[in-house]
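Chains, contacts and geometry: an overview
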Amino acid sequence: MWHEVIYNRIAMLRAERGISRRDLAEALGVHYQTVGYLERGEYSPSLHLALRLAAYFEVAVEVVFSTEPFPRLGAETA
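Numbering of residues begins from 1 in every chain and follows the order in which that chain's sequence is written. Side-chain atom pairs in this predicted model are given and counted only at pLDDT of 80 or more, local residue features only at pLDDT of at least 70, and totals for whole chains, interfaces and linings cover all residues. Only hydrogens and water are set aside when side-chain values are computed; all heavy atoms of the structure are taken into account.

Observations regarding the pattern of salt bridges
Counted as salt bridges are all cases of a side-chain nitrogen of Lys or Arg within 4 Å of a carboxyl oxygen of Asp or Glu. A complete count under the given rule lists 4 salt bridges for this structure. When the shortest N-O distance is used, the salt bridge between glutamate 39 and arginine 14 registers 2.5 Å. Residue glutamate 39 is found in helix α3 (residues 32-39), and its partner arginine 14 is found in helix α1 (residues 10-17); the two are separated by 25 residues along the sequence. When sorted by exposure, glutamate 39 lands in the same class as arginine 14, which is buried. One salt bridge connects glutamate 16 with arginine 17, and the closest N-O pair in it is separated by 3.4 Å. For the exposure calls, accessible area comes from a 1.4 Å probe over protein chains only, and a residue counts as buried if that area is under 20% of its type's maximum, exposed if over 50%, partly exposed in between. A relative accessible area of 38% places arginine 17 in the partly exposed class. If you follow the salt bridges from partner to partner, you end up with Arg14, Arg21 and Glu39 in one network. A run of DSSP states H or I qualifies as a helix once it reaches four residues; a run of E qualifies as a strand once it reaches two. Both are numbered from the N-terminal end.

This is how it looks when you write it as structure tokens:
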């Protein structure tokens, strides 16, 4: 079965803002383990949840999610 991978920056955004998984989950009304599943790419969010995550971080949804891997921060290109 084909499965499309959705990449995300949830962990990075949380770390930048000093937000715990539990605090984020509480703000979104989901179980804290759901945040972990999302961060690890084990679960793709509904469109509604993706938009709520983007709104929570006050960024465009494309800043949080992508169908392509995000470039590593600080990565040098050869």
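Once you've had a look at it, read on.
Thoughts on the packing of aromatic side chains
Here a ring pair, both rings aromatic, is described through the centre-centre distance and the interplanar angle of the planes. A pair of Phe, Tyr and Trp rings is counted when the ring centres sit within 6.5 Å of each other, with Trp represented by its six-membered ring. The angle between the planes then sorts it: under 30 degrees is stacked, over 60 is edge-to-face, the rest tilted. Applying the stated criterion across every chain yields a total of 1 aromatic pair. With a centroid separation of 5.2 Å and an interplanar angle of 85°, the aromatic rings of tyrosine 56 and phenylalanine 57 are classed as edge-to-face. On the basis of relative accessible area, tyrosine 56 is assigned to the partly exposed category, the value being 32%. Looking at arginine 22, its charged tip hangs above the ring of tyrosine 32, at a distance of 4.1 Å from the centre. To sit over a ring, a charge needs its Lys NZ or Arg CZ within 6 Å of the ring centre and within 35 degrees of the ring normal.

Digging into the side chain of arginine 14
What makes arginine 14 buried here is its relative accessible area of 13%. What makes two residues a contact is simply this: any of their non-hydrogen atoms within 4.5 Å. Apart from residues lying up to four places away in sequence, arginine 14 is in contact with Ile19, Ser20, Arg21, Leu24, Val35, Glu39 and Phe57.

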